[in-house]
Amino acid sequence: MILEHADIRIDPANAADFEVAIVHGLNSVIAQAQGYCGHKVNRSLESPGRYILTIFWATLEDHTVGFRQSPAFADWRGIVGPFFLQPPVVEHMELVNQAD
């Protein structure tokens, strides 16, 4: 299991619209991608306009090749990209432990 961790910054004034858009993009685009295993979106309490998106992928290549190099990536960015104040900082992590 690979976790894509994206640190997203938006204008806090657009938070409600962004939250609708990100849920729509996750459900209509990302969830259809090969290797997608789930996601979570967290909103910062201390930093308005900061979100942490975590997407669970079966393999690193499912994200970096299968999704990022597909037309679906442009569809995703078309939905959420207009909200970004800067490009998200993205890292990939391996799941070591998770509580049920």
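Our subject is the structure that appears above.
The final tally for this structure, using the stated rule, is five aromatic pairs. Here Tyr36 and Trp57 contribute two aromatic rings whose centre-to-centre distance is 6.5 Å and whose plane-to-plane angle is 85°, an arrangement assigned as edge-to-face. One end of the pair, Tyr36, is in strand E2 (residues 36-43); the other, Trp57, is in strand E3 (residues 50-57), and 21 residues separate them in sequence. What makes Trp57 buried here is its relative accessible area of 0%. Note on Phe67 and Phe73: the rings are 5.9 Å apart at their centroids and 85° apart in plane angle, and the pair reads as edge-to-face.

Now for the pattern of salt bridges. Tallied over the full model, the rule gives three salt bridges. Here Arg50 and Asp7 are joined by a salt bridge, their closest N and O atoms 2.8 Å apart. Here the residue Arg50 occupies a position in strand E3, and Asp7 occupies one in strand E1 (residues 2-9), the gap between them amounting to 43 residues. Here Glu19 ties to Arg43 by a salt bridge, and the two come within 2.5 Å at their closest N and O atoms. You can see Glu19 sitting in helix H1 (residues 15-28) and its partner Arg43 sitting in strand E2, a full 24 residues away along the chain. Assessed through its relative accessible area of 52%, Arg43 is described here as exposed.

Reading guide: rules and limits
- Counting of residues starts from 1 at the beginning of each chain's written sequence and follows it residue by residue.
- With the structure being a predicted model, the display of local features is reserved for residues of pLDDT at least 70 and the display and counting of side-chain atom pairs for 80 or more, all residues being used for whole-chain, interface and lining totals.
- With hydrogens and water set aside, each side-chain value is computed from the structure's full complement of heavy atoms.
- Two aromatic rings from Phe, Tyr or Trp, using only the six-membered ring of Trp, form a pair when their centres are within 6.5 Å; if the ring planes differ by under 30 degrees the pair is stacked, by over 60 it is edge-to-face, and anything between is tilted.
- Think of it this way: any DSSP run of H or I at least four residues long counts as a helix, any run of E at least two long counts as a strand, and we number them from the N terminus.
- Under the scheme applied here, a residue whose accessible area is under 20% of the maximum for its type counts as buried, over 50% as exposed, and between as partly exposed, the area being computed with a 1.4 Å probe on protein chains only.
- Any Lys or Arg side-chain nitrogen located within 4 Å of an Asp or Glu carboxyl oxygen qualifies as a salt bridge.

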